[in-house]
Amino acid sequence: MKIAVVGSGVVGLTTAIELQKEYRNANITIIADNFYKDTTSYVAAGIFRPGTSFSGPTEEITKKWVRDSYQHWDDIRKSSYSNLAGVCEVSGYILSSYSQSITRNFLIEDVLPAYRNATEEELKICPGNWKYGSFFTTLVTECGLYLPWATKNFLDRGGQIFNRKINDFADLHGTYDIIVNCTGLEAKNLCNDRKVVPIRGQVLKVHAPWIKMAYYGDYDTYIVPGFSGVTLGGCRNFESVDMTPNKYDFDSIKSRCEALVPSLQTAKVTEVKVGLRPHRDPVRVEYEFKDTSQGILKIIHNYGHGGYGVTTSPGTAKYAVKLVRDVWTGYSRL
Ligand SMILES: Cc1cc2nc3c(=O)[nH]c(=O)nc-3n(C[C@H](O)[C@H](O)[C@H](O)COP(=O)(O)OP(=O)(O)OC[C@H]3O[C@@H](n4cnc5c(N)ncnc54)[C@H](O)[C@@H]3O)c2cc1C
C-alpha cells in the first residue's frame, strides 16, 4: 500500500508514525510545503488542556481522542527519550474572577492525574481578586523538540519526505493508494471547506527558569513553562490572517502575565511568535471517496484542531489510522 500524508505539522507527523506502526510494509510518504519553524505547530505552547469547545463528531469520540492522546504523550513522558521528544509534566492553576465554569473542564478532569478545586489559600497565590480556581497536573509537548524528533523517528522507520505544494489532491492519483490530508488551515482552500476558520494567536517566549508552574487567568492569559523557556499568551483573533507580531498584543500579553506573576517583570523576551489556529467545529477526521477525472481518490481527512492540535493529534491520528484500515479493507465503500 502506498500512502501519502500531506502535511508535516504535528498532525501530519504523528499520523504518519501511527500509520507506520500499523502498516509495517506500507510505503509511507510525507508531502509538505512547510516544515518545522514554518508550521503553526511550532508556535504552540503545547500544553495538554483542550478547551471544552474541542469537538469530534460525537462526545464519546471526542473523549476517546482526548484519553488516547493523553495516554500517548504520557507513555513518551515516562520513556528514556522524553527530553528528546520534548514531553514533560507540569502542574498549575486556572484562576477566574468571573465563573467557576471557566476553571472546570469535563474533557480532562477524569483524564489528568490531578484536577481539583483550588483551596482558599491557593486562590491567593497570584495577585488579584480570584474567586474561583482549579489545580491540575498535565503534560507539555514542545514542538521545537517534538517536530525534529518525530521527523527523525519517521525517517528511521523507512518513511520518505518530499517538499512540494499540492494544489489539488487529484494530482496524487495513480501514485498513491490513499491520501491522508493533514494540511491544517490550508484545508480551507484545498477542500473548499467553509467551516475552517483561522484564529490568530500571538505568544512571547521569555527566559524565566524560575517559573516551574503553569498559570491561567481571565482574558485568555496564560503562562506555560517548557524546555526552551516560558510561553506567555495570549490572544484569539477570529478570521484574522495577519502573521506579523502586533505591538498592542505584545504589550497586552506582557502586562497581563506580569500582573498574574509579577516576577516575570525581570524576564527577558527571547522570541515573539504568531500563528493561525486551524479551527473547525467539529474537527474533521473522516474518509472521502473523491471523484476525479482520473478515477476515484481515497482521502482520509485529519484537520481542524484549532487551538488544541499539538496535544490532541495522537487521538485523531489513531482514529485516522482506523479509517485507513476501513477504507483499505473495503469495510467502508462508496
Ligand atoms: C498561539 C498558539 C498557541 C497554541 N497553543 C497550543 C497549546 O498549548 N496546545 C495545543 O495542543 N495546541 C496549541 N495550539 C494549536 C496548534 O498549534 C494547532 O492546532 C496545530 O499546530 C495544528 O497542526 P497541523 O499539523 O494541523 O497544522 P500545521 O502545523 O499548520 O501544519 C500543516 C502542514 O500542512 C502542510 N500543507 C498545508 N497545505 C499544503 C499544501 N497545499 N501542499 C503541501 N503541504 C501543505 C504545511 O506545509 C504544514 O506542513 C496553538 C496555536 C497557536 C497559534
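As the structure is a prediction and not an experimental result, all values here were calculated from the model.

This part takes up the overall build of the chain. Within the chain, the secondary structure is distributed over 8 helices and 14 strands. Oriented by its inertia axes, the alpha-carbon framework of the chain measures out at about 65 × 40 × 40 Å. By the burial criterion, 55% of the 334 residues in the chain qualify as buried. Residue pairs at least 24 apart in sequence account for 76% of intrachain contacts in the chain once pairs closer than 6 positions are excluded. Carbon and sulfur atoms make up 49% of the accessible area of the chain, which totals about 15100 Å². Here the chain contributes 39 positive and 35 negative side-chain charges, whose respective centroids are spaced 2 Å apart.

What follows deals with the side chain of Arg284. Along the polypeptide, Arg284 turns up in strand S13 (residues 268–292). By relative accessible area, which is 11% here, Arg284 ends up buried. Looking at Arg284, its side chain comes within polar contact range of the side chain of Glu286, at 2.7 Å.

What follows concerns the environment of Gly184. Considering the arrangement of structural elements, one finds Gly184 in the loop between strand S7 (178–181) and helix H6 (187–190). Setting aside its immediate chain neighbours within four residues, Gly184 contacts Pro278 and Tyr303.

Pairing geometry for strand S8 (residues 197–207) and S13, over 11 bridges, is antiparallel. Residue pairing in the sheet places Val203 in a bridge with Lys273 of S13. Pairing analysis gives 10 bridges linking S13 to strand S14 (residues 295–305), with the strands arranged antiparallel. The residue of S14 that forms the bridge with Tyr287 is Ile300. Counting the residues in the hairpin turn of S13 and S14 gives 2 residues.

A separate point is the packing of aromatic side chains. In total, this model carries 13 aromatic pairs according to the counting rule given. Note on Phe54 and Tyr308: the rings are 6.3 Å apart at their centroids and 85° apart in plane angle, and the pair reads as edge-to-face. With Phe54 in the loop between strand S2 (27–32) and helix H2 (59–77) and Tyr308 in the loop between S14 and helix H8 (309–328), this residue pair connects regions lying 254 residues apart in the sequence. On the accessibility criterion, Phe54 (4% relative accessible area) is buried.

Where H2 meets H8, the axes come as close as 7 Å, and the angle between the chain directions of the two elements is 110°. In terms of their interaxial angle, H2 and H8 are classed as roughly perpendicular. Crossing handedness for the pair H2 and H8: right-handed. Facing Ile61, Trp65, Asp68, Ser69, His72 and Trp73 of H2, the residues of H8 in contact are Val310, Thr311, Thr312, Ser313, Pro314, Gly315, Thr316, Lys318 and Tyr319. Looking at the contact of H2 with H8 residue by residue, the class counts come to 6 nonpolar, 7 polar and 2 charged.

For the rest of this paragraph, the subject is the site of the ligand. In the vicinity of the ligand, 38 residues are found, and the nearest of them are Asp33, Asn34, Ser41, Gly306 and Thr311. Taking Asp33, its side chain carries an N or O atom lying 2.6 Å from an oxygen atom of the ligand. Gly306 places a polar main-chain atom, nitrogen or oxygen, 2.6 Å from an oxygen atom of the ligand. Within the complex, 96% of the 1000 Å² of free accessible area of the ligand lies under protein.

Rules behind the numbers
- Residues numbered from 1 in each chain as written.
- Predicted model: local features only at pLDDT ≥ 70, side-chain atom pairs only at ≥ 80, totals over all residues.
- Heavy atoms only, no water.
- Helix = DSSP H or I, 4+ residues; strand = E, 2+ residues; numbered from the N terminus.
- Buried < 20%, exposed > 50% of the residue type's maximum accessible area, 1.4 Å probe, protein only.
- Contact = heavy atoms within 4.5 Å.
- Areas by Shrake-Rupley, 256 points an atom, 1.4 Å probe, with all protein chains shown as cover.
- Lys, Arg positive; Asp, Glu negative; His and termini not counted.
- Charge placed at Lys NZ, Arg CZ, Asp CG, Glu CD.
- Polar contact = N/O pair within 3.5 Å; in protein donor to acceptor, adjacent residues only side chain to side chain.
- Pairing = 2+ DSSP bridges.
- Phe/Tyr/Trp six-rings, centres within 6.5 Å; stacked < 30°, edge-to-face > 60°.
- Axes fitted to C-alpha atoms, helices over the stretch in contact; angles between N-to-C directions.
- Parallel < 35°, antiparallel > 145°, perpendicular 65-115°, else oblique.
- Left-handed = near helix turned anticlockwise from the far one by under 90°.
- Nonpolar A, V, L, I, M, F, W, Y, C, P; charged D, E, K, R; others polar.
- Near = heavy atom within 4 Å.

Bear in mind that shape data such as this cannot, by itself, settle questions of function.
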